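So you can see what is in the structure, the chains are spelled out below.
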Amino acid sequence: MKSGFVAVIGRANAGKSTLINVLVGEKVAIVSPKPQTTRDRILGVLTMPDYQIAFVDTPGLYRADNLLNSLMQKTAGDTATEEDLILFVLDAHEGLSDQDKQLVEKYLSLNKPFVLVLTKTDIMPESLLVSELKELGELGVEVVPVSARKGKNLKELIKVILSKLPEGEKLFEQDIISDRSERFMISEIMREKILLKFDKEIPHGVAIIVNEFKLRENGKTYEVSLDIVCEKPNHKAILIGKGGKAIKEVSSFARQDMEKFLGKKVFLTTYVKVKEDWRNSAFLMKEYGYGEDL
């Protein structure tokens, strides 16, 4: 059978996490229209009778402006060099920039099996798609245009990926779809809802700490208690909202998704705390689950 690890690389908001979720058929990574949504390496495993592909989602490529972001960029770069194949995801609908082409050339220079995926093709003119395919073809790279949202051309993408993966044994057991725990996914669901609800810098300066995650004796309800850590007192006030309205609303949305994910009722308690400039503190980053290599 064919098997291997695929590093999914690309600029922020290119659609990497959405593509992996659709390919795997389960939500293994949170998504939002904002950059910096993915902070960690997250594995999504697709297992079929004759192949197993382990997609490794990575933080989006962009200019780092704090210690956490620098770590995220290092994670993306390291993943590209370590895995069997690089799947470079490029948002096609706004046209190719010089930076896009420079990034493609940078990762091509690693001399690893490489596939370029053009995403969001359902919202771009066909003439632009033809032009971009020609331009990228001149770089000597195999290009697959897809629409994850519409499920367009995904079978062709899998076929191309398999053509570049080695023969091997299964990497994971049949029922494994991710290397992340339920506890981790609960924290990520909370962070996703904050990313979707709040604007500007507030959601990017948030860390989620799960203090309690346990199944009650009745086996039907999880008790979840978590801290939402932000960087400034005024951010805390915005997160809580007048009379607690904002935190109640975002917690309600998060709880609904947690229940869907866990398949059980969730009793959720949230607290908002301030740790100023935690994204530039190696100590706090480790405490919050980031920066193991710092």
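Just above, that's the structure.
Residues numbered from 1 in each chain as written. Predicted model: local features only at pLDDT ≥ 70, side-chain atom pairs only at ≥ 80, totals over all residues. Heavy atoms only, no water.

Observations concerning the packing of helix α6 (residues 182-197) against helix α8 (residues 245-262)
Step number 1: In the contact formed by α6 and α8, the axes pass within 9 Å of each other and the chain directions differ by 140°. With respect to α8, the element α6 is oriented oblique. Viewed along their axes, α6 and α8 form a crossing whose handedness is right-handed. Contacts between α6 and α8 involve Glu 182, Met 185, Ile 186, Ile 189, Met 190, Glu 192, Lys 193, Ile 194 and Lys 197 from the first element and Ala 246, Glu 249, Val 250, Ser 251, Phe 253, Ala 254, Asp 257, Met 258, Phe 261 and Leu 262 from the second.
Step number 2: Classifying every residue of the contact of α6 with α8 gives 12 nonpolar, 1 polar and 6 charged. (Axes fitted to C-alpha atoms, helices over the stretch in contact; angles between N-to-C directions. Helix = DSSP H or I, 4+ residues; strand = E, 2+ residues; numbered from the N terminus. Parallel < 35°, antiparallel > 145°, perpendicular 65-115°, else oblique. Left-handed = near helix turned anticlockwise from the far one by under 90°. Contact = heavy atoms within 4.5 Å. Nonpolar A, V, L, I, M, F, W, Y, C, P; charged D, E, K, R; others polar.)

Brief notes about unusual backbone geometry
Step number 1: Phi at Asn 111 is positive, roughly 55°, even though this residue is not glycine.
Step number 2: Along the chain, the position of Asn 111 falls in the loop between α3 (98-108) and β5 (114-119).
Step number 3: The exposure class of Asn 111 is exposed, given its relative accessible area of 70%. (Buried < 20%, exposed > 50% of the residue type's maximum accessible area, 1.4 Å probe, protein only.)

Things to note about helix α1 (residues 16-24)
Step number 1: Along α1, 7 of the 9 residues are buried, which leaves the element largely enclosed by surrounding structure.
Step number 2: Taken together, the buried positions of α1 are Lys 16, Ser 17, Leu 19, Ile 20, Asn 21, Leu 23 and Val 24.
Step number 3: Looking at the buried residues of α1, the elements they touch are β1 (2-10), β2 (42-48), β3 (51-57), β4 (85-91), β5 and α5 (154-164).
Step number 4: Looking one or two residues past α1, Gly 25 carries a phi angle of roughly 85°, positive in sign.

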